[in-house]
Amino acid sequence: MEDIKNRILDKIKPSDEERVHLAKVADELMYKIDCMSFKVGLTGVKTQLVGSAARGTWISGTHDLDIFIMFPDTTSREDLESYGLSIGRQIAKEAQEWDEHYAEHPYVKMKYGGFDVDLVPCYSVSSASCILSAVDRTPFHNEFIKAHLHGREDDVLLLKQFMKGTGVYGSELKTEGFSGYLTELLVINYGSFEKVLEAASDWRPGLLLDLMEHGCLKFEDPLVVIDPTDPRRNVAAALSLDKFCTFIDVSRSFLDTPDESMFFPSAKPPISDDELLDRMNRRGTSLVAIVFKTPDVVDDIFYPQFAKMEHSIVPLLEKNEFTVLKAGKWSGEDSIVFLELLSRTLPDVKMHRGPPVWVRAHAEAFRAKYVDNPDAYSLTIKDGFYVAEIPRKYTDAVELLKSEVAGCSLGKHISKSVKEGFTVLEGDQILKLKNEGLRSFINSWF
Ligand SMILES: Nc1ccn([C@@H]2O[C@H](COP(=O)(O)OP(=O)(O)OP(=O)(O)O)[C@@H](O)[C@H]2O)c(=O)n1
Ligand SMILES: [Mg+2]
């Protein structure tokens, strides 16, 4: 175990040179921001480096700098936004590339000196419980982690890399995993990388960690980690049940058989046509793919819509009695929802249940509609209910999807893209999809 940890740390721990370079670029940027705010006559504005770069918990080679421009809490929202943006734009003049983003406030993102820099305006408030906007907590996170981590940066680095390797790191809506701050709190709470894994091996959903014993509001999430700087917030709010459980699973595996490759797994190779056909034949199911053009929106807008799409399409199939074994999603230039069905086709007969025979008026109306209906196969009684045996609307899942997908609730941008055109592929038609990233996704998913 010690050997593995040391070998991993050799790869992920920033060198002294990297630390010096990062500090230099951060200082340079903060100095420029200070000069800029002085020039436009702002007083009381402070700048601060936050996030993993400020805490010594960034993974070597991942170069993001989060710099906060902190305005006095008496600043109006309009002033904070306009000064924040104009300072950002000025600095961006010397950047390799830049653009504007919108979170709680608009902010500027840029490539500067080899780093991905976020210049985020926020309010400087006296405590995290009186924040005026969500980002105002971040400087308090910095203070808390610096005061409590006590030299366990290496444990955080190992935990982050282990989570990256096992696919559970990142609190964006695309991943629904663990945030950087959460990994730091877990190390503080349990004491070390291994102790986090040992504890996680016995986790159950509904777990509450309340480091500062705040006592707390009720949260429904699988993991609740009360923010030590703000009792109203669950730091693990973005974590999905499946990512929570994946972490339990990989923690047990690693402690059972420590394996370096879990930190840096090699991607599955793209599946070949022959292999894919062979797998389809062996599984004996029907594989269906719905393909549409990926709308041009940011991940945090796209992925919730993509999840919504899956959660509309699976019930559509089930309502029509197609059994969905599993669903999967992949997105590149095109986006694809995969559905593995027990069978693509169903027989023509559908059992349509009517009212109980003893509910006379309804029962007679139902009987009258189906008893001599030339389209119906027959009318029977089962468990006290009339059952009409009628032809089903869709006997082919592909026809169902072609007709009904565009009418599903899909989210604004996906809906627009699907209405502009989509295709439904089944079985060997899926071999038309050649993208290598997609083929390696299929290799691990199917
Ligand atoms: N959902 C989020 C995302 C970010 N933050 C705050 O913003 C900081 C910077 O965010 P980010 O760069 O995403 O995370 P890091 O902790 O810097 O981790 P990484 O090493 O992955 O960059 C975090 O430390 C945290 O204090 C937060 O409170 N909630
Ligand atoms: Mg960061």
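Reading the values: rules and limits
- Residues numbered from 1 in each chain as written.
- Chains lettered and ligands numbered in written order.
- Predicted model: local features only at pLDDT ≥ 70, side-chain atom pairs only at ≥ 80, totals over all residues.
- Heavy atoms only, no water.
- Phe/Tyr/Trp six-rings, centres within 6.5 Å; stacked < 30°, edge-to-face > 60°.
- Buried < 20%, exposed > 50% of the residue type's maximum accessible area, 1.4 Å probe, protein only.
- Lys NZ or Arg CZ within 6 Å of the ring centre and 35° of its normal.
- UniProt positions renumbered as here; feature names shortened; annotations may be inferred.
- Helix = DSSP H or I, 4+ residues; strand = E, 2+ residues; numbered from the N terminus.
- Contact = heavy atoms within 4.5 Å.
- Patch = residues over 30% accessible without salt bridge, like charges linked within 9 Å, V, L, I, M, F, W, Y side chains within 5 Å.
- Areas by Shrake-Rupley, 256 points an atom, 1.4 Å probe, with all protein chains shown as cover.
- Salt bridge = Lys/Arg side-chain N within 4 Å of Asp/Glu carboxyl O.
- Axes fitted to C-alpha atoms, helices over the stretch in contact; angles between N-to-C directions.
- Parallel < 35°, antiparallel > 145°, perpendicular 65-115°, else oblique.
- Left-handed = near helix turned anticlockwise from the far one by under 90°.

With that out of the way, let us pick up the packing of aromatic side chains. This model, assessed by the stated rule, comprises 20 aromatic pairs. Centroid distance Phe 254 to Phe 263: 5.6 Å. Interplanar angle 85°. Geometry classified as edge-to-face. Exposure class is identical for Phe 254 and Phe 263. Each is buried. Here the aromatic residues Phe 162, Phe 178, Phe 193, Trp 203, Phe 244, Phe 247, Phe 254 and Phe 263 are joined through ring pairs into a cluster of three or more. Directly above the aromatic system of Trp 445 lies the positively charged group of Lys 326, at a separation of 4.9 Å from the ring centroid. Over the aromatic face of Phe 385 sits the side chain of Arg 353, whose NZ or CZ is 3.8 Å from the ring centroid.

Following the UniProt record, the feature "binding site: Mg(2+)" (unreviewed entry) maps to Asp 64, Asp 66 and Asp 118 here. A maximum C-alpha distance of 7.7 Å among these annotated residues, which run over 55 residues, shows that they cluster at one spot. When you line up the elements, Asp 66 lands in strand β2 (residues 64-72). Take Asp 66: its relative accessible area is 17%, and that puts it in the buried class. Those residues within four positions of Asp 66 in sequence are excluded, and the remaining contacts are Gln 48, Leu 49, Val 50, Gly 51 and Asp 118. With respect to the helices, strands and loops of the structure, Asp 118 is situated in strand β5 (residues 115-124). We classify Asp 118 as buried; its relative accessible area is 14%. For Asp 118, the residues in contact, after removing those within four places along its chain, are Leu 65, Asp 66, Ile 67, Tyr 107, Val 108 and Lys 109.

What follows deals with a nonpolar patch on the surface. Residues Val 357, Trp 358, Val 359 and Ile 381 make up a contiguous nonpolar surface patch of about 400 Å² in total accessible area. Residue position: Ile 381 is located in strand β13 (residues 378-382).

This part is about the packing of helix α11 (residues 299-319) against helix α13 (residues 397-404). Relative orientation of the contacting elements α11 and α13 amounts to 130°, with a least axis distance of 11 Å. As summarised for this structure, α11 and α13 are arranged oblique, according to the angle between their axes. As α11 runs across α13, the sense of the crossing is right-handed. Mapping the contact onto sequence places Ile 313, Leu 316 and Leu 317 in α11 and Ala 397, Leu 400, Leu 401 and Glu 404 in α13.

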